[in-house]
Amino acid sequence: MLSIVAEGPTYGYLIAQRLEREGLGQIKGGTLYPLLARYEQEGLVEASWQPGGTGPGRKYFTLTDAGREHLTEVRRRWAEFVRVAGALIEAGVNR
Amino acid sequence: MSTDEIVAGYLDELATELDLRGASTAAVDDVLRQVESHLLEAGVDPRSEFGSPADCARSFLPGHSMTRFWILVAVSVVSTVIGGLLAIRGVFGVLEDQLVFGILPGWWSIGVGLLLVGSWVLLLINESRRRR
């Protein structure tokens, strides 16, 4: 989710659509928004309300500097996990 | 029931659940706007998307339990019932020149009763200010 927000200001519904389009399944609002709220509380994203087509408007999220640092660290750890897991799987295949 | 009515009903229940958990007015407004915005755009059923209003409130405000609300209810009941009883019995105690419950002089009973009811009113005012 932070990677999607890192691409530019976006809002909850768009994030859910993007995750679904990328094949990560349908993320329910009840999962998505509390997570965004937590990111906001932790200062990883900042939010601002902007008028939408209809209704109460849209809450746009933008990555903060702290969020960018956190994302870099998460990406590093993920790459490390993939490397270790990949090596283990390869070792099992080649045995 | 129309979709708009279902969404409005859900938002009403969600507002109550958030309020009971002691969320500030600004926090309640923010959550309601996000949920409404998403539901209008996605056109989905609120309960299948966000769960029950209680579940939704819990997930948005994980640190806000109902404990504070129930303590407030308990303190309110004790303060008003005991305070009111002491004040009323105190009035009769003064009029009939008798001790209330066999131990408290009438004026003392009125004073303690009014103090309890007054504390309850101050508690409510404080709670109301805290949520703004």
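See the structure printed just above.
How each quantity is defined
Going along each chain's sequence as written, the residues are numbered from 1 onward. Ligands are numbered from 1 and chains lettered from A, in the order in which they are written. Two thresholds apply to this predicted model, a pLDDT of at least 70 for residue-level local features and 80 or more for giving and counting side-chain atom pairs, whereas whole-chain, interface and lining totals are computed over all residues. Hydrogens are left out, water is left out, and the side-chain values use all remaining heavy atoms of the structure. Any two strands with at least two DSSP bridges between them are considered paired. Each helix corresponds to a stretch of at least 4 residues labelled H or I by DSSP, and each strand to a stretch of at least 2 residues labelled E; elements are numbered beginning at the N terminus. Contacts were defined at the residue level, with two residues in contact if any of their heavy atoms lie within 4.5 Å. Working convention: axes come from line fits to C-alpha atoms, limited for helices to the stretch in contact. Angles between N-to-C directions cover 0 to 180 degrees. For this classification, under 35 degrees means roughly parallel, over 145 means roughly antiparallel, 65 to 115 means roughly perpendicular, and everything else is oblique. A clockwise turn of the near helix away from the far one marks a right-handed crossing, whereas an anticlockwise turn of less than a right angle marks a left-handed crossing. Pairing of aromatic side chains requires ring centres within 6.5 Å, counting the rings of Phe and Tyr and the six-membered ring of Trp. Pairs whose planes differ by under 30 degrees are stacked, by over 60 edge-to-face, and all others tilted. Burial here depends on accessible area, computed with a 1.4 Å probe over protein chains only, as a share of the maximum for the residue type. Under 20% is buried, over 50% is exposed, and the range in between is partly exposed. Two conditions define a charge located above a ring, namely a distance within 6 Å from the ring centre to NZ of Lys or CZ of Arg, and an angle within 35 degrees of the ring normal. Multiplying 1.5 Å by the residue count of a helix minus one yields the expected span of that helix. Each patch is assembled from residues with relative accessible area greater than 30% and no salt bridge, linking like charges that lie within 9 Å and nonpolar side chains (Val, Leu, Ile, Met, Phe, Trp, Tyr) that lie within 5 Å. Accessible surface is estimated by sampling points in the Shrake-Rupley manner with a 1.4 Å probe; for residues, cover comes only from the protein chains shown. Whenever Lys or Arg places a side-chain nitrogen within 4 Å of a carboxyl oxygen from Asp or Glu, that contact is recorded as a salt bridge.

Caption draft 1: Layout of the sheet that holds strand β2 (residues 45-50) of chain A. All names here are of chain A. If you walk across this open sheet you meet the 3 strands as β1-β3-β2, and the pairing is antiparallel. Each end of this open sheet is capped by a strand with a single partner; those strands are β1 (10-11) and β2. Strand direction decides the pairing type here: β2 and strand β3 (residues 58-63), joined by 6 bridges, are antiparallel. Note that in β3 the partner of W49 across the bridge is K59. Helix α3 (residues 29-41) contacts β2 and β3 of the sheet and is inclined by roughly 115 degrees relative to β2.

Caption draft 2: Main features of the packing of helix α1 (residues 3-20) of chain B against helix α2 (residues 25-42) of chain B. Residues and elements named next belong to chain B. Two elements in contact, α1 and α2, have axes separated by 10 Å at closest approach and are oriented at 155 degrees. With respect to each other, α1 and α2 are oriented roughly antiparallel. Helix-helix and strand crossings are classified by hand; for α1 and α2 the assignment is right-handed. Residue-level inspection shows V7, Y10, L11, L14, A15, L18 and D19 of α1 in contact with α2, the latter providing V28, V31, L32, V35, E36 and L39.

Caption draft 3: Quick look at the packing of aromatic side chains. On inspection of all chains with the given rule, the structure shows 3 aromatic pairs over all chains. Aromatic pair Y11(A) and Y60(A): ring centres 5.2 Å apart, planes at 65 degrees, arrangement edge-to-face. Taken as a pair, Y11(A) in strand β1 and Y60(A) in strand β3 lie far apart in primary sequence, 49 residues in all. Accessibility assignment for this pair places Y11(A) and Y60(A) in one class, buried. Across the ring face of W49(A), the terminal group of R33(B) is positioned such that the distance to the ring centre comes to 4.0 Å.

Caption draft 4: Expanded view of helix α5 (residues 67-96) of chain B. Residues and elements named next belong to chain B. In a regular helix each residue adds 1.5 Å, so 30 residues correspond to 44 Å; α5 covers 43 Å between its end C-alpha atoms and thus fits that length. L72, S76, S79, G83, L86, A87, G90 and G93 are the residues of α5 that are buried. Packed against the buried residues of α5 are α6 (106-130). Where α5 ends, the next residue or the one after it, D97, has phi of about 55 degrees, a positive value.

Caption draft 5: Looking closely at a nonpolar patch on the surface. Residues and elements named next belong to chain B. A grouping of W70, V73, V77, V78, V81 and I82 is seen on the molecular surface, where their side chains present a nonpolar patch of about 540 Å² in accessible area. Looking at the element boundaries, V78 is found in helix α5. Judged by relative accessible area, which is 46%, V78 ranks as partly exposed.

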